[in-house]
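Below are the chains, spelled out letter by letter.
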Amino acid sequence: MRDSFEIFKYLKDLGYLKELRDRLWWPNSRTFEVVVGAILTQQTRWDKVEKALKNLKDANLLSLEALSMVDDKELSKLIKPSGFYNTKAKRLKLLSKNIIKDFGNFENFKQSVSREWLLSQKGLGKESSDSILCYGCEREVFVVDAYTAKLLKKFDYEFEEYDELREWMEHGILSNLDKIYEVYKEKKSLNEIYARFHGKIVEFGKDKR
DNA sequence: GGCCAGGTGTAAA
DNA sequence: TTTACACATGGC
């Protein structure tokens, strides 16, 4: 294997993600829900996250403003299905408060937040921060997760660092944009290519477990 | 019944 | 810098 385009082709040939639930794969991408989902999905299956998100929606709490003011115990209770609920509740509320404090609203956050700002928040590590950047803010960032590392290991590629792996994935895509446009039969944005590629890897990983 | 999921923070060596 | 552990529910 030369670069990450081999992985792209491998998954493409297996027919992954012909139909997407969202243009960027993550449900309700480009909205505040991505921020909430990024925390809720940590070390948890997505179907549990969906339950928690539905609980929040039903309680009219799935918004930046509402989450910044919600009662801690109530929030914990609503997101219980997603696990680590006390920790996640605290971090979700604090993050919502900080977004309002530093950016005012989600649209402004989306335009101007940096990776450094996200990484400085309690509860956001590299994967969650990059997920928010890629799927919430439409930035040109490739998200790396446990599925990515596992899939690459299958091809005998192992990486020490998260950022090393992320850059390797991004580089392989950047070097093969013409071929990728050919596969898609159109010039998709880099953000969309990264977003869908990571989504493919996750869907493949889920099927294999 | 044990292992693990679309991780992260903290503490100790 | 590395390692160990806590956080917690629910599927298989």
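Since the structure is predicted, the reported quantities are computational estimates derived from the model, not experimental observations. (Residues numbered from 1 in each chain as written. Chains lettered and ligands numbered in written order. Predicted model: local features only at pLDDT ≥ 70, side-chain atom pairs only at ≥ 80, totals over all residues.)

### Digging into the overall build of chain A
- In terms of helices and strands, chain A carries 13 helices and zero strands.
- Taken from the N to the C terminus, the helices and strands of chain A come in the order α-α-α-α-α-α-α-α-α-α-α-α-α.
- Over its C-alpha atoms chain A spans a radius of gyration of 17 Å, differing by no more than 12% from the 17 Å that the globule rule assigns to 209 residues.
- For chain A, the spread of C-alpha atoms along the three principal axes comes to 50 × 35 × 35 Å.
- Counting across all 209 residues of chain A, residues that qualify as buried make up 35%. (Helix = DSSP H or I, 4+ residues; strand = E, 2+ residues; numbered from the N terminus. Rg over C-alpha atoms; globule rule 2.2 N^0.38 Å. Buried ≥ 20, exposed ≤ 12 C-beta atoms within 10 Å, placed from the backbone.)

### Things to note about the nonpolar core
- One finds Val 36, Ala 52, Leu 92, Ile 132, Cys 134 and Tyr 194 to be the most contacted residues of the largest nonpolar core, which totals 51 residues.
- Summarising the domain contributions, this core has at least three residues from each of domain 1 (5–19 + 142–208) and domain 2 (33–136).
- Not counting residues up to four positions away in its chain, the partners in contact with Cys 134 are Arg 139, Val 141, Val 143, Asn 191, Tyr 194 and Ala 195. (Core = buried A, V, L, I, M, F, W, Y, C linked by C-beta atoms within 7 Å. Domains from an automatic or database assignment. Contact = placed C-beta atoms within 7 Å.)

### Here's the deal with the protein's contact with DNA strand C
- Around DNA strand C sit Gln 43, Thr 44, Lys 48, Lys 80, Pro 81, Gly 83, Phe 84, Tyr 85, Asn 86 and Thr 87, and that is every residue in its neighbourhood.
- Per-element accounting of the surface near DNA strand C gives the leading share, three residues, to helix α6 (residues 85–103).
- In the surface near DNA strand C, the residues fall into three nonpolar, five polar and two charged. (Near = placed C-beta within 6 Å. Nonpolar A, V, L, I, M, F, W, Y, C, P; charged D, E, K, R; others polar.)

### Quick look at the domain arrangement of chain A
- Looking at the assigned domains, one finds that chain A contains domain 1 (5–19 + 142–208) and domain 2 (33–136).
- For domain 1 versus domain 2, the separation of C-alpha centres amounts to 26 Å.
- No other element matches helix α13 (residues 190–208), which puts three residues into the side of domain 1 that touches domain 2.
- Residues belonging to the side of domain 1 that touches domain 2 are distributed by class as follows: five nonpolar, one polar and one charged.

### A short note on the packing of helix α2 (residues 33–40) against α6
- Close contact between α2 and α6 brings their axes to 10 Å; oriented N to C, the two are set at 150°. If you check the angle between α2 and α6, you find them roughly antiparallel. Seen along the crossing, α2 lies across α6 with a hand that is right-handed. In this structure, α2 contributes Val 36, Ile 39 and Leu 40 to the contact, and α6 contributes Lys 88, Arg 91 and Leu 92.
- Taken together, the residues of the contact of α2 with α6 sort by class into four nonpolar, no polar and two charged. (Axes fitted to C-alpha atoms, helices over the stretch in contact; angles between N-to-C directions. Parallel < 35°, antiparallel > 145°, perpendicular 65-115°, else oblique. Left-handed = near helix turned anticlockwise from the far one by under 90°.)

### So, the protein's contact with DNA strand B
- Around DNA strand B, the structure places 23 residues, and the nearest of them are Gln 42, Arg 45, Trp 46, Gly 125 and Ser 128.
- Counting only elements with at least two residues in the surface near DNA strand B, the list comes to α9 (126–136), α10 (146–154) and α13.
- When residues in the surface near DNA strand B are grouped by element, the largest group, four residues, is from α9.

### Points about the packing of α10 against α13
- The contact between α10 and α13 brings their axes to 9 Å, and the two run at 75°. Between α10 and α13, the crossing angle belongs to the class labelled roughly perpendicular. Here Tyr 147, Thr 148, Lys 150 and Leu 151 of α10 come into contact with α13, specifically with Ile 201, Val 202, Phe 204 and Gly 205.
- Of the residues that constitute the contact of α10 with α13, the class distribution is five nonpolar, two polar and one charged.

### Section: unusual backbone geometry
- Of note in the backbone geometry, Phe 84 takes a positive phi value of approximately 45° without being a glycine.
- Looking at where Phe 84 falls in the secondary structure, it is placed in the loop between α5 (72–78) and α6.
- According to the C-beta neighbour criterion, Phe 84 is partly exposed, with 16 such atoms within 10 Å.
- With a phi close to 55°, Glu 138 is a non-glycine residue in the positive phi region.

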